[in-house]
Amino acid sequence: MILKKIIFGLALLNAFIITAQTDINKLDASGKKDGLWKGTYEVSKRPRYEGTFSHGKETGVFKFFDDTKKGDVIATRDFTANDGSAYNIFYDQSKNKVSEGKVIGKNYEGEWKYYHKASKIVMTIENYKNGKLEGPRTVYYPNSKVAEEMTYKNGKREGIYKKFGQNGIILEQTTYANDQYNGDAVFYDSDGVVASKGKFLNGKKAGMWQFYLKGKLTKEVNMSDPKSSYKADSKPKME
């Protein structure tokens with residue numbers, strides 16, 4: 001009698017396992033993924049991802065795992081907005097955020113944040129449109145002070161670029177057009193005093209540039225004709 005109960009119990013357990021197994025990775029009548037799906041790495045067969053589909057469409061939050069015995073979550077994709085987008089968060093193996101932002105299809109969209117290594121401090125904030133950088137991009141030091149400010153248009157640098165030291169002192173203010181230096185430029189020393197200034201044309205220095213030492217003009221050079229230059233306290237001459 002006891003043996004029969006054991007055999008019956010094992011049969012029920014086996015049936016439960018088979019049923020549970022068939023409840024994942026299912027297709028609907030149209031051949032589309034439906035319900036809970038779990039993927040595995042091809043070689044190790046360890047879990048690679050898990051998430052729920054509704055007739056071929058991702059719903060809720062998907063989790064992605066690294067290919068180790070521990071199987072840490074290295075990314076999540078949140079589809080709950082139900083607008084064709086997914087909010088992605090990437091993690092290191094210590095569960096620190098690496099980056100986060102929205103994706104539509106395969107394209108980045110809107111604001112993306114990147115973090116300093118093993119830190120909650122934001123390193124970079126970027127903005128995207130149709131997968132290309134669009135709008136302001138700001139880089140931060142680990143002390144959260146601004147390191148760089150730039151604007152992008154259709155994936156290319158456009159407008160004023162500023163660079164700062166960790167103490168907040170400006171080191172550079174230049175102008176970009178079509179992803180290269182174009183226009184007015186000023187470079188500063190570590191004390192925030194002008195060191196040189198002039199203009200760029202298509203990525204190269206052009207026209208008259210002025211050079212300073214501790215705020216005092218020491219030299220002017222025609223960068224369109226570098227052989228011609230003169231010291232600020234003397235008459236123009238050929239050097």
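All values reported here derive from a predicted model rather than from experimental measurement. (Residues numbered from 1 in each chain as written. Predicted model: local features only at pLDDT ≥ 70, side-chain atom pairs only at ≥ 80, totals over all residues. Heavy atoms only, no water.)

Novice: Could you give an account of the overall build of the protein chain, naming the residues involved and the relevant values?
Specialist: Broken down by element type, the protein chain carries one helix and 21 strands. A total of 239 residues make up the protein chain; the buried ones form 26% of that total. Contacts in the protein chain between residues far apart in sequence, at least 24 positions, make up 5% of those at least 6 positions apart. With an accessible surface of roughly 15700 Å², the protein chain has 55% of that area assigned to carbon and sulfur atoms. (Helix = DSSP H or I, 4+ residues; strand = E, 2+ residues; numbered from the N terminus. Buried < 20%, exposed > 50% of the residue type's maximum accessible area, 1.4 Å probe, protein only. Contact = heavy atoms within 4.5 Å. Areas by Shrake-Rupley, 256 points an atom, 1.4 Å probe, with all protein chains shown as cover.)

Novice: Quick one: what's the story with the environment of lysine 132, residue by residue and with numbers?
Specialist: Here lysine 132 shows up in strand β10 (residues 132-133). Taking relative accessible area as the criterion, lysine 132 reaches 42% and is therefore assigned partly exposed. When the C-alpha positions of lysine 132 and glycine 155 are compared, they lie 4.7 Å apart, and in sequence the two are 23 residues distant. Excluding residues that lie within four positions of it along the chain, lysine 132 makes contacts with Asn127, Asn154 and Gly155.

Novice: Now, about the packing of aromatic side chains: what can you tell me, with residues and values included?
Specialist: Counted under the stated rule, the structure contains 15 aromatic pairs. With a centroid separation of 6.4 Å and an interplanar angle of 20°, the aromatic rings of tyrosine 49 and phenylalanine 62 are classed as stacked. You can see tyrosine 49 sitting in strand β3 (residues 47-54) and its partner phenylalanine 62 sitting in strand β4 (residues 57-65), a full 13 residues away along the chain. Seen in terms of ring centroids, phenylalanine 200 and tryptophan 209 are 5.4 Å apart; in terms of plane orientation they differ by 85°. Their pairing is edge-to-face. Taken individually, phenylalanine 200 and tryptophan 209 each receive the classification buried, so the pair is uniform in this respect. Put simply, the rings of Tyr161, Tyr176, Tyr181, Phe187, Phe200, Trp209 and Phe211 touch in pairs and so form one group of aromatic residues. Over the aromatic face of tryptophan 37 sits the side chain of lysine 33, whose NZ or CZ is 4.7 Å from the ring centroid. Above the face of the tryptophan 209 ring, lysine 205 is positioned so that its terminal group lies 4.6 Å from the ring centre. (Phe/Tyr/Trp six-rings, centres within 6.5 Å; stacked < 30°, edge-to-face > 60°. Lys NZ or Arg CZ within 6 Å of the ring centre and 35° of its normal.)

Novice: Give a detailed account of the nonpolar core, specifying residues and quantitative values.
Specialist: If you look at the biggest cluster of nonpolar residues, it comprises nine residues: Val103, Trp112, Tyr114, Tyr128, Leu133, Met150, Tyr152, Tyr161 and Tyr176. Among the elements of the structure, β8 (107-115) and β12 (146-153) are those that each provide at least two residues to this core. Here tyrosine 176 is in contact with Met150, Arg157, Glu158, Gly159, Tyr161, Tyr181 and Asn182, once residues within four sequence places are set aside. (Core = buried A, V, L, I, M, F, W, Y, C linked by side-chain atoms within 4.5 Å.)

Novice: Let's hear about the side chain of serine 196: which residues, and what values?
Specialist: Examined against the element boundaries, serine 196 turns out to sit in strand β17 (residues 194-201). What serine 196 contacts, discounting residues up to four positions off in sequence, is Ala185, Val186, Phe187, Trp209, Gln210, Phe211 and Tyr212.

Novice: Help me get a handle on the confidence of the model for the protein chain, residues and values and all.
Specialist: If pLDDT is low for a region, its predicted coordinates should not be looked at in detail. For the protein chain, per-residue confidence averages 90 on the pLDDT scale, and residues scoring 70 or more make up 85% of the total. When the criterion is pLDDT under 50, residues 3-21 qualifies, and its contacts beyond four places in sequence or with other chains add up to zero contacts. A low-confidence stretch, residues 235-239 (pLDDT under 50), is modelled with nine contacts involving residues beyond four sequence positions or located in other chains. (pLDDT = per-residue confidence, 0-100.)

Novice: Please set out the pattern of salt bridges residue by residue, giving values where relevant.
Specialist: Once their charged atoms are close, side chains differing in charge can pair, the charge on each being opposite to the other. All chains considered together, the criterion is met by six salt bridges. Across the salt bridge formed by arginine 137 and glutamate 126, the nearest N and O atoms sit 2.8 Å from each other. Of this pair, arginine 137 sits in strand β11 (residues 135-140) while glutamate 126 sits in strand β9 (residues 122-129), and the two are eleven residues apart along the sequence. Classification of arginine 137 as partly exposed rests on a relative accessible area of 22%. Glutamate 126 gets classed as buried once you look at its relative accessible area, which sits at 7%. Here arginine 157 ties to aspartate 179 by a salt bridge, and the two come within 3.0 Å at their closest N and O atoms. Here the residue arginine 157 occupies a position in strand β13 (residues 156-157), and aspartate 179 occupies one in the loop between β15 (170-177) and β16 (180-188), the gap between them amounting to 22 residues. Aspartate 179 gets classed as partly exposed once you look at its relative accessible area, which sits at 31%. (Salt bridge = Lys/Arg side-chain N within 4 Å of Asp/Glu carboxyl O.)

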